[in-house]
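# Examining the three-dimensional arrangement
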Amino acid sequence: MAASPPPRYSTHPCRATTWQWSYPLLLTLLQLSIVGVSALQKELTINVAPGNVDCFFESAKAGQTIDIEYQVIDGGHGDLDISFELAEATGRTIFADYKKSDNIHQFPVPYDGEYKFCFDNGFSRSNSKTVFFELIIGREGDQDDPAGWSDIDLLDGLTPEEFYDMKVQDMEDAIKRVRNNLTKARQLQDVLRSHEARDRNVAEENYFKVNVWSFFQILVMVAVGTLQVFMVKSLFDVDSRAYKLLTKL
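Residues numbered from 1 in each chain as written. Predicted model: local features only at pLDDT ≥ 70, side-chain atom pairs only at ≥ 80, totals over all residues. Heavy atoms only, no water.

### Notes on the overall build of the protein
Looking only at helices and strands, the protein has three helices and eight strands in total. Counting from the amino terminus, helix and strand elements in the protein follow one another as α-β-β-β-β-β-β-β-β-α-α. The 249 residues of the protein split such that 25% are buried. When contacts within the protein are restricted to residue pairs at least 6 apart in sequence, those whose partners lie at least 24 apart make up 77%. Counting only carbon and sulfur atoms, one obtains 60% of the accessible surface of the protein, whose full area is about 17,400 Å². (Helix = DSSP H or I, 4+ residues; strand = E, 2+ residues; numbered from the N terminus. Buried < 20%, exposed > 50% of the residue type's maximum accessible area, 1.4 Å probe, protein only. Contact = heavy atoms within 4.5 Å. Areas by Shrake-Rupley, 256 points an atom, 1.4 Å probe, with all protein chains shown as cover.)

This is how it looks when you write it as structure tokens:
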């Protein structure tokens, strides 16, 4: 009876370790995708009706920093201004602006609590205001880039597992830097977009005022021309009332 052939084992040096390397890498990328969720970032464009106050409430923890930037991009045929207040839920005011077109505030949170952000258009009776604002609540160190491995001598004496962990950490740091740079680029684009909207609204408002003033001037010119024609015709009409009135003067 012929002996059965011995079992065949893979001699490929990388085939046996491919899953062992890719599985921790997938876990690392999954964990990295969750990084930054604790930081709150909101970008909103709101319309504050005349005489109204719009407020927003957000929670923050001790050690975090509240960064808020706002600007009025449309004044509704009025001035580009709004009143702003950052206060605690208890009512204590932290920052307050009165009739400003834009501003930036940064506040380190001393303790856990809820904070109120209010845009007040109570001083305006007929013009609504369109306001763009960006709110970021997070820790100062969340956006810092970690230091890379610059010294090649650190690799001496490391096991393959430690070397692999270092490389995964390098990849994680690089992805974090890319994510942070993309976030900053998007924030800058949003701010530039709000500036563009504000400039466009200012140009359209000036265009509206020029058209209204030009229409008023045309009406005055037509009225003056009609009055002059009537007065000249009256000088040659002896029986007209205007002629008699002018002769008496």
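### Comments concerning the sheet that holds strand β8 (residues 129-138)
Sheet architecture is open: four strands sit in the order β1-β8-β3-β6, paired in antiparallel fashion. Looking at which strands have only one partner, the edges of the open sheet turn out to be β1 (40-48) and β6 (102-108). This sheet shows a mean twist of 15 degrees between the axes of neighbouring strands, independent of strand direction. Lying over the sheet, helix α2 (residues 160-235) contacts β1, β3 (65-74), β6 and β8, oriented at roughly 25 degrees with respect to β3. (Pairing = 2+ DSSP bridges. Axes fitted to C-alpha atoms, helices over the stretch in contact; angles between N-to-C directions.)

### With respect to the sheet that holds strand β2 (residues 53-60)
If you walk across this open sheet you meet the four strands as β2-β7-β4-β5, and the pairing is antiparallel. Every other strand in the sheet has two partners, leaving β2 and β5 (93-100) as the edge strands with one partner each. Neighbouring strand axes in the sheet, compared pairwise and without regard to direction, differ in orientation by 10 degrees on average. In terms of strand pairing, β2 meets strand β7 (residues 113-120) through eight bridges, oriented antiparallel. Across the sheet, residue alanine 60 finds its bridge partner in β7, namely glycine 113.

### Observations regarding the nonpolar core
In terms of nonpolar packing, the biggest core is built from 20 residues, with Ile66, Tyr115, Phe117, Phe119 and Val131 touching the most fellow members. Put simply, the parts of the chain that give this core at least two residues each are β1, β3, β4 (82-88), β7 and β8. (Core = buried A, V, L, I, M, F, W, Y, C linked by side-chain atoms within 4.5 Å.)

### Section: the confidence of the model for the protein
On average, the protein scores 75 in pLDDT, and the residues at 70 or more come to 75%. Within the model, the stretch residues 6-37 combines pLDDT values under 50 with 15 contacts to residues more than four positions away or in other chains. Counted against residues more than four places away or in other chains, residues 142-153, with its pLDDT under 50, gives twelve contacts. (pLDDT = per-residue confidence, 0-100.)

### Observations regarding the pairing of β3
Judged by how many residues are buried, β3 sits mostly within the fold: seven of ten residues are covered. Pairing geometry for β3 and β6, over seven bridges, is antiparallel. Within the sheet, the bridge partner assigned to glutamate 69 lies in β6 and is isoleucine 104. When β3 meets β8, the two strands line up antiparallel, connected through nine bridges. Paired with glutamine 71 across the strands is phenylalanine 132, a residue of β8.

### Here's the deal with the state of the cysteines
Scanning all chains against the criterion turns up one disulfide. Across the disulfide, cysteine 55 is cross-linked to cysteine 118 (sulfur-sulfur distance 2.0 Å). Across the S-S bond of cysteine 55 and cysteine 118 the torsion is about 110 degrees, and the bridge reads as right-handed. Of this pair, cysteine 55 sits in strand β2 while cysteine 118 sits in strand β7, placing them 63 residues apart in sequence. (Disulfide = S-S within 2.5 Å.)

### Looking at a nonpolar patch on the surface
A cluster of nonpolar side chains, namely Trp213, Phe216, Val220 and Val224, defines an oily patch on the protein surface of about 390 Å² accessible area. Assignment of secondary structure puts valine 224 in helix α2. (Patch = residues over 30% accessible without salt bridge, like charges linked within 9 Å, V, L, I, M, F, W, Y side chains within 5 Å. Salt bridge = Lys/Arg side-chain N within 4 Å of Asp/Glu carboxyl O.)

### A word on the packing of aromatic side chains
One pass over the full model with this rule turns up nine aromatic pairs. Between phenylalanine 56 and phenylalanine 133, the ring centres sit 5.4 Å apart and the planes meet at 50 degrees, which makes this aromatic pair tilted. Here the residue phenylalanine 56 occupies a position in strand β2, and phenylalanine 133 occupies one in strand β8, the gap between them amounting to 77 residues. Residue class for phenylalanine 133 comes out buried when judged on its relative accessible area of 4%. In this structure an aromatic cluster arises from ring pairing among Phe56, Tyr70, Phe84, Phe119 and Phe133. (Phe/Tyr/Trp six-rings, centres within 6.5 Å; stacked < 30°, edge-to-face > 60°.)

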